[in-house]
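Structural overview
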Amino acid sequence: MMAEAGAGGPRLAELLALGRRLWDELEASTEPSSGAPAVQEKVRQGLDALQRAAAMVAQLELFSENEELEEIASADLKFMLLPALLGALTLKQVDLSRRREHLESAREHFLRFLKLCRNYGLGSFQLSPGTSSEEGAGSPSAPRDPSQANLVAMALSRTAKIERYKQKKELESKLASMSSSVESGTADEDQIREFYILQIQKWIGTSLEEIESIEQELVILRSRDAARPAPAGSRGPSRPPRAPVKPFILTRDVAQARVFGAGYPGLPTMTVDDWCEQRLRQGVVSTPQRVPGASDEELQKQQQEKEEEEDDEEALQKARDWDDWKDTHPRGYGNRQNMG
């Protein structure tokens, strides 16, 4: 395997070293914003170098599911970090329009790294069941009670976080004490092998933390996308306007409503216009003949004159009847008070 790695020449090691150096510079950067052009340029260069290195590792087939950790050359162990570094640099991108895409891509890189570590028996870790069906296959079966399952998951997650934090501090202390001898070339093969394995174990903890953070952010992004109103063009056809609903009155009994009305007094059963039309049809009310072109005032005057004429004719007729009666009845007719 060492010969295959050497076939790639120093080019592969240089690409990995460049990606690692850019990552370290980004972590130690004092730029006020991660979106600064200088920062994003380092992110782009680091991703480019690591992607080229990962393609070369895949072409050389440095790692296989059918081999043990002891079969990997010590100098080749550092190339196992490529997927984890790719995931970490992918998260450094700040294009908000592609944030969900970057999160999912980084998660795939971290999962690929964790699967590679699991195949070689490196590290003891457990992924949440919802992360990946393939990755969560090794996790113990969860209780059937959902509430109990949540409590167990929370307890396991808290315990795992505390344990990872302790391991991270121990690993960082060991790596700091060994880095000078490895970088200077004075370390022997066993020390180099232990140094790279410690680095892999450190990145296992980092990958687990990043995956958990990514899952939480994806939930927020999905909720935001679901709550966002759809564009006007994507909406379905508008509903036809509803027909006006007739007002109705609730009564205790249908028959009671028919006989006694609505059940309380004073409820009008028809409008004034309906009543007038009904009276006109019955001939109770007559409408004055409208003279073409006559105004309402002239119409009222005509009606008043007609009523006065009718009153005059009636009074005249009464006077005539009274005169006729006096002609046939002498004065004092019918008075019997002074008869004796």
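Residues numbered from 1 in each chain as written. Predicted model: local features only at pLDDT ≥ 70, side-chain atom pairs only at ≥ 80, totals over all residues. Heavy atoms only, no water.

Where we set the bar: UniProt positions are given in the numbering used here, feature names are shortened, and annotations may be inferred rather than shown by experiment.
Looking at an unreviewed UniProt entry, one finds the protein named IGBP1 protein, with Oriolus oriolus as its source organism. Within the UniProt record for the protein, the comment given under Sequence similarities (unreviewed entry) is "Belongs to the IGBP1/TAP42 family."

**Digging into the nonpolar core**
Inclusion rule: Definition of nonpolar core: a set of buried residues of the types Ala, Val, Leu, Ile, Met, Phe, Trp, Tyr and Cys, connected through side-chain atoms within 4.5 Å. Under the scheme applied here, a residue whose accessible area is under 20% of the maximum for its type counts as buried, over 50% as exposed, and between as partly exposed, the area being computed with a 1.4 Å probe on protein chains only. To qualify as a helix, a DSSP run of H or I must reach at least 4 residues; to qualify as a strand, a run of E must reach at least 2; elements of each kind are numbered from the N terminus. Contacts are assigned to residue pairs that have any heavy atoms within 4.5 Å of one another.
Counting residues in hydrophobic clusters, the biggest one holds 55 residues, and the most contacted among them are F63, M80, F113 and L122. Counting residues per element, the ones that place at least two in this core are α2 (10-27), α3 (37-60), α4 (82-90), α5 (99-119), α6 (146-184) and α7 (189-227). It is α7 that contributes the most residues to this core, twelve residues altogether. Apart from the residues lying within four places of it in its own chain, the contact partners of F63 are V57, I72, D76, F79, M80, L116 and Y120.

**Description of the pattern of salt bridges**
When charged atoms on two side chains of opposite charge get close, those side chains can pair. How we decide: When a carboxyl oxygen of Asp or Glu is within 4 Å of a side-chain nitrogen of Lys or Arg, the pair counts as a salt bridge.
Enumeration according to the criterion identifies eleven salt bridges in this entry. For D48, the salt bridge goes to R52, with nearest N and O atoms at 3.8 Å. Taken as a pair, D48 and R52 lie in helix α3 at a separation of four residues, close to a single helical turn. Owing to a relative accessible area of 37%, R52 belongs among the partly exposed residues under this scheme. R98 serves as the salt-bridge partner of E101, at 2.7 Å between the closest nitrogen and oxygen. Residue class for R98 comes out partly exposed when judged on its relative accessible area of 38%. Several salt bridges converge on common partners, so that one network encompasses R100, E104, R224 and D225.

**Examining the packing of aromatic side chains**
The criterion, for reference: Here the aromatic set is Phe, Tyr and Trp, taking the six-membered ring for Trp, and pairing holds for ring centres within 6.5 Å; pairs whose planes are under 30 degrees apart are stacked, those over 60 apart are edge-to-face, and all others are tilted.
Summed over all chains, the structure comprises three aromatic pairs. Between the aromatic rings of W23 and W203, the centroid separation amounts to 5.8 Å while the plane-to-plane angle is 55°, which identifies the pairing as tilted. Here W203 lies in helix α7 and W23 lies in helix α2, a separation of 180 residues in the sequence. The residues W23 and W203 share a single accessibility class, namely buried.

**Details of the packing of α4 against α5**
Rules: The axes are straight lines fitted to the C-alpha atoms, using for helices just the contacting stretch, and the angles between their N-to-C directions are given from 0 to 180°. Here roughly perpendicular refers to angles of 65 to 115 degrees, roughly parallel to angles under 35, roughly antiparallel to angles over 145, and oblique to all remaining angles. Should the near helix be turned anticlockwise from the far one by less than a right angle, the crossing is left-handed, and should it be turned clockwise, the crossing is right-handed.
For the pair α4 and α5, the least separation of the axes is 7 Å and the interaxial angle reads 160°. Accordingly, the angle class assigned to the pair α4 and α5 is roughly antiparallel. Relative to α5, the crossing made by α4 is left-handed. Each of P83, A84, L86, G87, A88 and T90 in α4 lies in contact with α5, whose residues at this interface are H102, S105, A106, H109, F110, R112 and F113.

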